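# Secondary and tertiary structure notes
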Amino acid sequence: MSTEAAEGQAPGAAAERGAGAGQPSDGPLRVALLSYRSKPHCGGQGIYLRHVSRELAALGHHVEVFSGQPYPELEPGPVLRALPSLDLYRDEDPFRTPGLREYRNWIDVLEVATMWTGAFPEPRTFGIRAARALRERVADFDVVHDNQVLASGMLRIARMLPLVTSIHHPISVDRRIELKAAHGFSRLSKRRWYSFVRMQARVARNVGPIMTGSESSRADILRDFKVPPENVQVVPLGVDTRLFHPRPEPRVPGRVVAVASADSPVKGVATLLRAYAKLITDRDAELTLVSKLTPDGPTARLLADLELGTRVRFVSGISDGDLATLLASAEIAVVPSLYEGFSLPAVEHMASGTPLVASRTGAVPEVVGDAAMLVKPGDPEELAAALRGLLDSPAERARLSAAALERVAERFAWTAVAKATVAQYRRAIAARAAARTGGAGTTPC
């Protein structure tokens, strides 16, 4: 047996104490929620974790969040259990070389060695750390919820406790888009970076119940990861309407806002910048991007090529309250992505009552319905025309704003997400109990 495999083996007695033994079918559950990184203000995984953990705790369940860096900013209720990595990709020092005193065990060595060979190690090494941590605490939990780690360690955890997995969208889609945009050596390096996707596909086929936010993501998971259809259930995501809502203050004339990772090709920032460059030739508009601009990165170079310079404002590291205020101050919001498995920013824009222009791709049409203007992804001409038309039409902006608020009220609430998630937990617990006793029981999803 390999060292890695040995690390994931649960003692037999401890394993027997877990798996929801003695829990009433409708009583409070003890939940271990796992996330290899939980960036609190951007990236769907961290935002999802913060909201769903809060709502699970509000329903009376005990929730412990196991996370690597960057750690989440949890609201009252859930408890954070830090599983520190070497944090090799921290914003202020990415791809750093740790000092010798920072190494704690062979997992840290594996993490650095994987990075040095051009691959992304965090899902795999977090999975090993999580399996070790839960091996010592099997009796403390009824169910484990994997927030898109999909590492080999999850298979070992699934032998200890019932496991439910969230896949917001398969990273295979990001890999496909980035490889298409890459050339030469960059293409080889992208292939190496995304090598963890093969592990995620293998794990997804073997972990049982999976939740995803849209029918579009479900179709992508079935196609790319070859998961049995009966194992994947759609549980739409929610929006925090305590924060994201219209404000009484007037919107800033001509303000366009987008929330998107600047240098990720899949988020379509290059398309937005090209569209904005066309727009300001004959319209007075300002663009604010909620994103961190990397000096000398592809977006910084494109800004220089388009001679936009200081015309585009980049905002990062702001509080949730400031973000909500910013979104509600804009006349138009944009989701320019080449692909989205759900798009929490789209729902946050709609909850703010901000008229939305979004790409007709992935789950976006399913999420926004008739509450947004849809354009062809990757087409700056069509995007510029849509922005121009909305800036010129207060009536259309008012119509889209009203439709967005109505759609959010009807479809997207975190309390409903948490209740649907608990239903998946109970199915997984019941299926495991039935498998152990040899009864018919409830099948997992």
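Residues numbered from 1 in each chain as written. Predicted model: local features only at pLDDT ≥ 70, side-chain atom pairs only at ≥ 80, totals over all residues. Heavy atoms only, no water.

### Looking at the overall build of the protein chain
Each helix and strand counted, the protein chain has 18 helices and 13 strands in total. Radius of gyration (C-alpha) of the protein chain: 22 Å, near the 22 Å computed for a compact globule of 445 residues. C-alpha extents for the protein chain along the principal axes are approximately 70 × 50 × 35 Å. By the burial criterion, 56% of the 445 residues in the protein chain qualify as buried. Sequence separation of at least 24 residues holds for 67% of the intrachain contacts in the protein chain that already meet a minimum separation of 6. When the accessible surface of the protein chain is summed, it comes to about 18,200 Å², and 54% of that surface belongs to carbon and sulfur atoms. Taking the 55 positively charged and 49 negatively charged side chains of the protein chain as two groups, their mean positions are separated by 6 Å. (Helix = DSSP H or I, 4+ residues; strand = E, 2+ residues; numbered from the N terminus. Rg over C-alpha atoms; globule rule 2.2 N^0.38 Å. Buried < 20%, exposed > 50% of the residue type's maximum accessible area, 1.4 Å probe, protein only. Contact = heavy atoms within 4.5 Å. Areas by Shrake-Rupley, 256 points an atom, 1.4 Å probe, with all protein chains shown as cover. Lys, Arg positive; Asp, Glu negative; His and termini not counted. Charge placed at Lys NZ, Arg CZ, Asp CG, Glu CD.)

### Things to note about the pattern of salt bridges
Enumeration over the complete set of coordinates arrives at 31 salt bridges. A salt bridge links R81 to E64; the shortest N-O distance between them is 2.8 Å. Taken as a pair, R81 in strand β3 (residues 79-82) and E64 in strand β2 (residues 62-67) lie far apart in primary sequence, 17 residues in all. Classification of R81 by relative accessible area gives partly exposed; the value is 35%. Here E64 falls in the buried class, since its relative accessible area comes to 4%. The partner of R129 in a salt bridge is E111, and the shortest N-O contact between them spans 2.7 Å. Here R129, found in helix α5 (residues 122-135), pairs with E111, found in helix α4 (residues 106-116); they are 18 residues apart in sequence, far enough to count as distant. For the pair shown, R129 and E111 are each scored as buried. (Salt bridge = Lys/Arg side-chain N within 4 Å of Asp/Glu carboxyl O.)

### So, the environment of T241
Position of T241 among the secondary structure elements: in the loop between β7 (232-234) and β8 (255-259). When the C-alpha atoms of T241 and A324 are compared, they prove to be 9.7 Å apart, with 83 residues separating the residues in sequence.

### Examining unusual backbone geometry
Trans is the prevailing form of peptide bonds, just as negative phi is the prevailing case for residues other than glycine. Here Q69 and P70 are connected by a cis peptide whose omega angle stands at -10 degrees. Secondary-structure assignment places P70 in the loop between β2 and β3. Phi at Q148 takes a positive value of approximately 60 degrees, unusual for a residue other than glycine. By the secondary structure assignment, Q148 is in the loop between β4 (143-147) and α6 (152-158). Non-glycine residue S343 carries a positive phi angle of around 85 degrees.

### Quick word on the packing of helix α3 (residues 44-58) against helix α18 (residues 414-437)
The geometry of α3 relative to α18 is characterised by a closest axis approach of 9 Å and an angle of 75 degrees between their N-to-C directions. With respect to each other, α3 and α18 are oriented roughly perpendicular. For the pair formed by α3 and α18, the contact residues are Y48, H51, V52, R54, E55 and L56 on the first element and W414, T415, V417, A418, T421, V422 and Y425 on the second. Split into classes, the residues belonging to the contact of α3 with α18 amount to 8 nonpolar, 3 polar and 2 charged. (Axes fitted to C-alpha atoms, helices over the stretch in contact; angles between N-to-C directions. Parallel < 35°, antiparallel > 145°, perpendicular 65-115°, else oblique. Nonpolar A, V, L, I, M, F, W, Y, C, P; charged D, E, K, R; others polar.)

### What to know about the pairing of strand β5 (residues 163-166)
Alternating residues of β5 divide into L163 and T165 and V164 and S166, and every residue in both groups is buried. Sheet topology places β4 next to β5; 4 bridges connect them, and they run parallel. Opposite V144, over in β5, you have L163 as the bridge partner. A crossover links β4 with its parallel partner β5, the connecting element being α6, and its sense is right-handed. Bridge analysis of β5 against strand β6 (residues 210-212) gives 2 bridges, and the strand direction is parallel. Residue pairing for β6: T165 is matched across the bridge by I210. (Pairing = 2+ DSSP bridges. Right-handed = clockwise from strand over helix to strand, strands pointing away.)

### Things to note about the side chain of N147
With respect to the secondary-structure elements, N147 resides in strand β4. Within polar-contact distance, the side chain of N147 engages the side chain of S35 at 3.2 Å. The residues touching N147, leaving out its near neighbours within four places in the chain, are L34, S35, Q45, Y48, L49, S166 and H168. (Polar contact = N/O pair within 3.5 Å; in protein donor to acceptor, adjacent residues only side chain to side chain.)

### Observations concerning the nonpolar core
In this structure, V347, M350, L356, V367, V368, F412 and Y425 are the most contacted members of the largest nonpolar core, which totals 54 residues. The greatest single-element share of this core, amounting to 7 residues, is contributed by α18. Ignoring anything within four residues of it in the chain, the contact list for L356 reads A333, V334, V335, A346, H349, M350, V368, A372, M373 and L400. (Core = buried A, V, L, I, M, F, W, Y, C linked by side-chain atoms within 4.5 Å.)

### What to know about the sheet that holds β5
The strand order across the open sheet formed by 7 strands is β3-β2-β1-β4-β5-β6-β7, and the pairing between neighbours is parallel. Looking along the sheet, the strands with just one partner apiece sit at the ends: β3 and β7. The mean inter-strand angle of the sheet, taken between neighbouring strand axes irrespective of direction, is 25 degrees. Here β6 runs beside β7; their pairing, made up of 3 bridges, is parallel. Paired with I210 across the two strands is V232, which belongs to β7.

### Re the environment of A151
Assignment of secondary structure puts A151 in the loop between β4 and α6. Spatially, the C-alpha atoms of A151 and T125 are 8.2 Å apart, while their sequence positions differ by 26 residues. Setting aside chain neighbours within four positions, we find A151 in contact with P123, R124, G127, M199 and V203.

### A look at the packing of helix α11 (residues 269-279) against helix α12 (residues 298-305)
Two numbers describe a pair of packed helices, the interaxial angle and the distance between the axes. Between α11 and α12, the least distance of the axes is 11 Å, while the angle of their chain directions is 15 degrees. When the interaxial angle is binned, α11 and α12 end up roughly parallel. α12 is crossed by α11, and the crossing has right-handed handedness. Of the residues in α12, those touching α11 at V269, A270, L273 and R274 are T299, L302 and L303. (Left-handed = near helix turned anticlockwise from the far one by under 90°.)

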